[in-house]
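Examination of the molecular architecture
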Amino acid sequence: MKRFFILIFTITTLFSTKLIGAEIIPEYFLMERLIMLMDVAPTYISIDGKQELKAMQIDKKTMDILGNNENPFYIYDSNGEKKLVRVGDYFFSPTTLSSIYVLDKENFEFNFRNKALPEKKIETTIEHTSDKINAADIDEATVSSVTEN
């Protein structure tokens with residue numbers, strides 16, 4: 001019976017440590033690990049054209065560089081604020097790479113666009129024609145018969 005209680009206590013302790021003891025990644029660690037990637041990252045511009053920044057989307061490669069496998073995880077940004085981060089969100093920095101912040105995917109993609117891409121979205125238009133083939137116009141000599149194997 002004593003072993004049973006010890007086992008229950010151990011399992012409870014392990015689960016509570018995993019759930020409660022989340023690591024918060026500090027700003028200096030982010031800058032140290034991501035500065036080279038941010039330097040070659042695409043430049044984005046705000047929709048209103050007032051703000052220009054470097055940004056990279058958080059993916060598996062970024063998580064490996066940070067040595068983190070938790071999703072979501074927490075960071076302290078350059079303002080010292082604790083932020084929740086998920087895979088798919090964006091790390092961004094001014095073009096001087098002097099600080100680092102995070103913005104969720106939906107807000108980032110709604111408010112910023114890649115500076116290298118055209119300003120307007122390219123839309124594909126499909127024209128529908130009303131031309132129909134009349135079966136009476138087809139010469140029977142040009143139609144080949146299909147045999148099934």
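Our subject is the structure that appears above.
Described in the following lines is the structure provided in the data block.

Criteria and cut-off values
- Residues numbered from 1 in each chain as written.
- Predicted model: local features only at pLDDT ≥ 70, side-chain atom pairs only at ≥ 80, totals over all residues.
- Heavy atoms only, no water.
- Helix = DSSP H or I, 4+ residues; strand = E, 2+ residues; numbered from the N terminus.
- Buried < 20%, exposed > 50% of the residue type's maximum accessible area, 1.4 Å probe, protein only.
- Contact = heavy atoms within 4.5 Å.
- Areas by Shrake-Rupley, 256 points an atom, 1.4 Å probe, with all protein chains shown as cover.
- Pairing = 2+ DSSP bridges.
- Core = buried A, V, L, I, M, F, W, Y, C linked by side-chain atoms within 4.5 Å.
- Patch = residues over 30% accessible without salt bridge, like charges linked within 9 Å, V, L, I, M, F, W, Y side chains within 5 Å.
- Salt bridge = Lys/Arg side-chain N within 4 Å of Asp/Glu carboxyl O.
- Phe/Tyr/Trp six-rings, centres within 6.5 Å; stacked < 30°, edge-to-face > 60°.
- Lys NZ or Arg CZ within 6 Å of the ring centre and 35° of its normal.

**Considering the overall build of the protein**
On a plain count of helices and strands, the protein comes out with four helices and eight strands. The secondary structure elements of the protein, listed N-terminal to C-terminal, are α-β-α-β-β-α-β-β-β-β-α-β. Relative to its full complement of 149 residues, the protein shows a buried share of 25%. The contacts in the protein between residues at least 6 apart in sequence include a share of 58% that link residues at least 24 apart. On the protein, roughly 12000 Å² of surface is accessible, and the fraction owed to carbon and sulfur atoms is 55%.

**A look at the pairing of strand E6 (residues 90-94)**
In the case of a regular strand, side chains alternate between the two sheet surfaces. Here E6 lies mainly inside the structure; four of its five residues are buried. Here strand E3 (residues 52-57) runs beside E6; their pairing, made up of five bridges, is antiparallel. Within the sheet, the bridge partner assigned to Ala55 lies in E6 and is Phe92. Remark: six residues form the turn of the hairpin made by E6 and strand E7 (residues 101-103), two consecutive strands paired antiparallel; Leu97 in that turn has positive phi of roughly 55°.

**Description of the sheet that holds strand E5 (residues 82-85)**
Taken in spatial order, the three strands of this open sheet run E1-E4-E5, and their pairing is mixed. Lying at the two open borders of the sheet, with one neighbouring strand each, are strand E1 (24-25) and E5. Inspection of the sheet shows E1 paired to strand E4 (residues 73-76) by two bridges, in the parallel sense. Bridge assignment links Ile24 to a residue of E4, and that residue is Tyr74.

**What about the nonpolar core?**
Ranked by size, the top nonpolar core spans 17 residues in total, and within it Leu30, Leu34, Leu66, Phe73, Ile75 and Phe91 carry the most contacts. Top contributing element to this core by residue count: helix H2 (residues 27-40), with four residues. Residue contacts for Leu30: discarding those within four places in its chain leaves Ile25, Ile35, Leu66, Ile75, Tyr76, Phe91 and Ile100. The next biggest cluster of nonpolar side chains, apart from the first, holds eight residues, and it includes Tyr44, Phe92, Tyr101 and Phe112.

**A word on a nonpolar patch on the surface**
Among the surface-exposed residues, Met1, Phe4 and Ile8 lie close enough to one another that they form a single nonpolar patch of about 350 Å² accessible area. Tracing the chain through its elements places Met1 in the segment before helix H1 (2-20).

**Details of the packing of aromatic side chains**
One pass over the structure, following the stated rule, counts five aromatic pairs. Judged by centre distance (5.1 Å) and plane angle (25°), the ring pair of Phe108 and Phe112 falls under stacked. Of the two residues examined, Phe108 and Phe112, each falls in the buried class. The cationic tip of Lys82 hangs over the ring face of Tyr74; the distance from NZ or CZ to the ring centre is 4.8 Å.

**Points about the pattern of salt bridges**
In the structure shown here, the tally under the stated rule is two salt bridges. In this structure, Lys60 and Asp64 form a salt bridge, with 3.6 Å as the shortest nitrogen-oxygen distance. With Lys60 and Asp64 both in helix H3 (residues 60-66) and four residues apart, the pair spans about one turn of that helix. Comparing Lys60 with Asp64, the two get one shared label, exposed. Note that Glu81 and Lys83 form a salt bridge whose closest N and O atoms lie 3.2 Å from each other. For Lys83, a relative accessible area of 29% puts it in the partly exposed group.

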